[in-house]
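Here are the chains, one letter per residue:
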Amino acid sequence: MHNKEFRFDAATLAQLGKVGVLLGGSSAERAVSLKSGNAICDGLKALGVEVVAIDTQVNAVAQIQKAGIDRAFIALHGPGGEDGRMQALLEFLDIPYTGSGVQASAIAMDKWRTKQIWRGEKLSTPEYVVLTPELDLAQVLHSLGGKVMVKPSHEGSSIGMSKVQNLAEFEIAVEKARALDSSVLVERLIEGAEYTVAILVDEVLPPIRLESANTFYDYDAKYVSNETRYICPCELPAEKEAELKALALAGFKAVGCKGWGRVDVMADQSGQFFMLEVNTVPGMTDHSLVPMAAKQAGLNFEALVGTILQDSLNK
């Protein structure tokens with residue numbers, strides 16, 4: 001995939017029509033979405049696309065209808081934009097859009113149900129427990145090996161997540177996650193290298209290995225810190241890289257995802273891979289991973305956003 005000189009011809013531009021980049025929204029990831037959406041707008045304008053930015057925080061339906069768009073590029077992260085609701089609205093309005101459909105978006109936003117599908121398909125993901133009031137926290141911690149990650153089931157960008165190594169930390173982490181989500185997922189901690197694998201229209205881009213100065217690749221490491229190291233090529237032996245890419249693509253397809261996305265994966269000390277989650281609208285900021293992986297594959301930012309948008313013509 002080496003296509004630095006990505007261009008739309010006049011016929012394709014006419015077919016694409018007026019594109020609404022949906023950004024902002026009202027989730028905890030609003031600030032990141034605004035950055036992603038503005039970068040996408042700039043990239044599409046550079047390709048000659050007629051673009052209008054639509055902040056969906058208030059009166060989303062009225063704004064989308066008033067804008068008179070022919071298709072939508074979804075740059076909304078988190079609940080309300082990445083979870084199937086916006087996708088369903090656009091289908092109701094008969095407006096084609098980028099990325100995964102209603103069902104896959106809803107499932108991917110729910111870490112628990114994503115993991116249920118992966119386990120059903122015999123795809124590698126860490127053991128987990130979904131907390132219910134009657135469960136004994138000490139027992140849960142013990143059953144998962146004494147070290148766990150606590151996650152709200154429906155948040156992105158590592159919001160509300162905690163790495164836990166004892167019962168006192170566990171209790172605090174559960175309260176933090178419950179403040180954001182009624183469903184809390186507790187996952188066995190995989191200690192080892194962390195990878196992320198971007199997928200662009202059925203092609204797996206070069207995996208990135210992440211090395212964070214923080215205790216894990218959290219919100220600060222993703223969007224603020226300049227200490228995080230991104231290693232791409234990821235320095236895996238060829239057969240292990242092929243195994244990682246095949247697992248990520250299988251995980252992406254099992255959930256029903258389409259167009260583009262990103263699968264986050266951990267490797268344990270023995271080198272076994274475990275999928276953590278799939279992101280159906282990954283970040284597109286200057287710190288973001290999909291543009292980094294695309295660059296390694298020979299695609300600049302304009303080519304990346306152009307390819308994602310062009311794929312919406314197939315809907």
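Structure's up top.
Reading guide: rules and limits
Residues numbered from 1 in each chain as written. Predicted model: local features only at pLDDT ≥ 70, side-chain atom pairs only at ≥ 80, totals over all residues. Heavy atoms only, no water. Helix = DSSP H or I, 4+ residues; strand = E, 2+ residues; numbered from the N terminus. Buried < 20%, exposed > 50% of the residue type's maximum accessible area, 1.4 Å probe, protein only. Contact = heavy atoms within 4.5 Å. Areas by Shrake-Rupley, 256 points an atom, 1.4 Å probe, with all protein chains shown as cover. Lys, Arg positive; Asp, Glu negative; His and termini not counted. Charge placed at Lys NZ, Arg CZ, Asp CG, Glu CD. Polar contact = N/O pair within 3.5 Å; in protein donor to acceptor, adjacent residues only side chain to side chain. Salt bridge = Lys/Arg side-chain N within 4 Å of Asp/Glu carboxyl O. Phe/Tyr/Trp six-rings, centres within 6.5 Å; stacked < 30°, edge-to-face > 60°. Lys NZ or Arg CZ within 6 Å of the ring centre and 35° of its normal. Pairing = 2+ DSSP bridges. Axes fitted to C-alpha atoms, helices over the stretch in contact; angles between N-to-C directions.

A. Structural context of the overall build of the chain. Scanning the chain for helices and strands turns up twelve helices and 13 strands. Dimensions of the chain, computed from the C-alpha atoms along their principal axes, are close to 60 × 45 × 35 Å. Taken across its 315 residues, the chain has 56% of its residues classed as buried. Excluding contacts between residues fewer than 6 apart, the proportion of contacts in the chain whose partners are at least 24 apart in sequence is 69%. Surface exposure of the chain reaches about 13,500 Å², of which carbon and sulfur atoms provide 50%. Here the chain carries 30 positive and 40 negative side-chain charges, and the mean point of each set is 1 Å from the other.

B. Broad picture of the side chain of Arg71. Among the structural elements, Arg71 can be located in strand S3 (residues 71-74). At a separation of 3.4 Å, a polar atom in the side chain of Arg71 contacts the main-chain carbonyl oxygen of Gln15. Polar side-chain contacts of Arg71 include one of 3.1 Å to the backbone oxygen of Leu16. Beyond its immediate chain neighbours, meaning those up to four positions away, Arg71 contacts Gln15, Leu16, Lys18, Val19, Gly20, Ile95, Pro96, Leu309, Ser312 and Leu313.

C. Highlighting the environment of Ala173. For Ala173, the location among the structural elements is in helix H8 (residues 167-178). Assessed through its relative accessible area of 3%, Ala173 is described here as buried. Separated by 23 residues in the primary sequence, Ala173 and Val150 have C-alpha atoms spaced 6.4 Å apart. When sequence neighbours within four positions are dropped, the list of residues in contact with Ala173 reads Val150, Ser162 and Val164.

D. Structural context of the pattern of salt bridges. One pass over the full model with this rule turns up twelve salt bridges. The partner of Lys151 in a salt bridge is Glu187, and the shortest N-O contact between them spans 2.7 Å. Of this pair, Lys151 sits in strand S5 (residues 148-152) while Glu187 is found in strand S7 (residues 184-188), placing the two residues 36 residues apart along the sequence. Residues Asp264 and Arg262 are paired through a salt bridge, measuring 3.1 Å at the closest nitrogen-oxygen approach. Using a relative accessible area of 8% as the deciding quantity, one classes Arg262 as buried. When salt bridges that share partners are traced, they join Arg209, Glu211, Arg229 and Glu235 into one network.

E. The arrangement of the packing of aromatic side chains in detail. Under the definition given, this model contains three aromatic pairs. Taking the centre distance of 5.1 Å and the plane angle of 85° together, the rings of Phe6 and Phe8 count as edge-to-face. Classification of Phe6 as buried rests on a relative accessible area of 7%. Take Phe8: its relative accessible area is 9%, and that puts it in the buried class. A cation sits over an aromatic face here: Arg188 above Phe274, 5.4 Å from the ring centre.

F. Spotlight on the sheet that holds strand S4 (residues 128-130). With respect to topology, four strands assemble into an open sheet ordered S4-S7-S5-S6, the strand pairing being antiparallel. Only two strands of the sheet have a single neighbouring strand rather than two, namely S4 and strand S6 (162-164). The average angle at which neighbouring strand axes cross in this sheet is 20°, direction not considered. Where S5 lies against S6, three bridges are found, and the strand directions are antiparallel. Counterpart to Met149 in the pairing with S6 is Lys163. Contacting S4, S5 and S7, helix H6 (residues 111-120) crosses the sheet at an angle of about 135° to S4. Where H8 meets the sheet, its contacts fall on S5, S6 and S7, and the angle it forms with S5 comes to roughly 20°.

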